[in-house]
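Residues per chain, in single letters:
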Amino acid sequence: MGRQRPGKEPAAPAGGGTGPVAGSYPIDTGTCELVPDSFNPDGWILMVNEVHSSHIDLADPRHLDFEYMRWIAALVESRWKPDATLRALHLGGAACSLARYFAAVYPGARQVAVELDGRLAELVRGWFDLPRAPLLRLRVGEARAVTETLHEDSRDLIIRDVFAGAKTPVPLTTAEFTEHVRRVLAPGGVYVVNCGDTPDLRGARAEAATICAAFEYTAAIADPAMLKGRRYGNIILAGSDAPFAQDPSLPRTLLGGGVPAHLWDDAKMRSFAAGARPLHDAPAPEDGEAPELPGAGAPGERSRPGK
């Protein structure tokens, strides 16, 4: 099946979906594989082009298997109470694990998940019990192009979790893109980035500098080994026009779970970014030339309690 038009909700499979079936499937951008979770009879792992992409627990939408997703969820829940009518934009859809989670935590939420791969979005709709529009819309398109079309002050929460193989596409890391995010966010809104990086943390520092330049208040979440540059993994970066860490229980929540994490406030985030330059869009290339820009990191590892 060919790619669907950008901006369209993928069609529901005939018969309303078959549920998950283990196997390898061709998609628009390569191949995805659906693998049963050997630790959880209700769990499924989605691999995209041989990279761990998502985990779904069919019995419990509030079960987030990826540690970095639990950190994002804790940060969001420290800002908004369950009765909030949260308007969320997920850049990077895959199996929509976080969107499914927020639909359970915030029954009044209205969410859009942007997924580049139309065939993958269609398969996910058939496999998993995702909320239907208007609670959750899957929009097929490129994340930056979709963001640039959205109205000012139209979202409370924007989560960027986009990877092409092991890297976030450069156009989604720049100051110019971040300004589009700021425009789309409503007052008090939050921009959250899943930044994967190697131990040298060059990509994370550059992304931190970009977010620090765009937002008055910032924060970062990661486990201590990652923050000290001792391993390859994920750092969650966030920006807002309102302060973070108003909930004193957030640092305690982050210390729980299989991989305890630390919360960095605005001062620590800016210290971390010191010396790094914000990323920018490349100038238009000369005829016959293609610009070469640095990428940023890699997607998250899957972790389990006690790891």
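See above for the structure.
In this report, the structure presented in the accompanying data block is examined. Owing to the predicted nature of the structure, the values given are computational and were not obtained by experimental measurement.

Conventions and cut-offs
Residues numbered from 1 in each chain as written. Predicted model: local features only at pLDDT ≥ 70, side-chain atom pairs only at ≥ 80, totals over all residues. Heavy atoms only, no water. Buried < 20%, exposed > 50% of the residue type's maximum accessible area, 1.4 Å probe, protein only. Helix = DSSP H or I, 4+ residues; strand = E, 2+ residues; numbered from the N terminus. Pairing = 2+ DSSP bridges. Axes fitted to C-alpha atoms, helices over the stretch in contact; angles between N-to-C directions. Left-handed = near helix turned anticlockwise from the far one by under 90°. Contact = heavy atoms within 4.5 Å. Nonpolar A, V, L, I, M, F, W, Y, C, P; charged D, E, K, R; others polar. 1 Å grid on protein atoms, 1.4 Å probe; cavity = no way out; pocket = protein on both sides within 12 Å on 5 of 7 lines; lining within 4 Å. Points joined across faces, edges and corners; volume = space filled by probe spheres on them.

1. Concerning the pairing of strand S3 (residues 43-48)
Here is step 1: Burial runs high along S3: six of the six residues are buried.
Here is step 2: Where burial is concerned, the two faces of S3 agree: the one with Gly43, Ile45 and Met47 and the one with Trp44, Leu46 and Val48 are both buried.
Here is step 3: Where strand S2 (residues 30-36) lies against S3, five bridges are found, and the strand directions are antiparallel. Pairing of Leu34 across the sheet is with Leu46, part of S3.
Here is step 4: With antiparallel pairing between neighbouring strands as the criterion, S2 and S3 make up a hairpin whose turn holds six residues.
Here is step 5: In this sheet, strand S4 (residues 51-57) lies alongside S3 in antiparallel orientation, the contact comprising six bridges. If you follow Val48 over to S4, its bridge partner there is Val51.
Here is step 6: Linking two consecutive strands that pair antiparallel, namely S3 and S4, is a turn of two residues; a positive phi of about 50° is found at Asn49 within it.

2. Digging into the packing of helix H1 (residues 67-79) against helix H2 (residues 97-105)
Here is step 1: Relative to each other, H1 and H2 sit at 35°, their axes nearing to 11 Å. Judged by the twist between their axes, the crossing of H1 over H2 is right-handed. Between H1 and H2, the contacting residues are Met69, Ile72, Ala73, Val76 and Glu77 on the first element and Ser97, Leu98, Tyr101, Phe102 and Val105 on the second.
Here is step 2: When the residues that make up the contact of H1 with H2 are grouped by side-chain class, the tally is eight nonpolar, one polar and one charged.

3. With respect to the layout of surface pockets
Here is step 1: There is about 740 Å³ of room inside the largest pocket.
Here is step 2: What lines the largest pocket is a set of 39 residues, and nearest its centre among them are Gly92, Glu115, Asp161, Val162 and Phe163.
Here is step 3: Mapped onto the lining of the largest pocket, the elements with two or more residues apiece are S4, H1, strand S5 (87-91), H2 and strand S6 (110-115).
Here is step 4: No other element matches the four residues that S4 contributes to the lining of the largest pocket.

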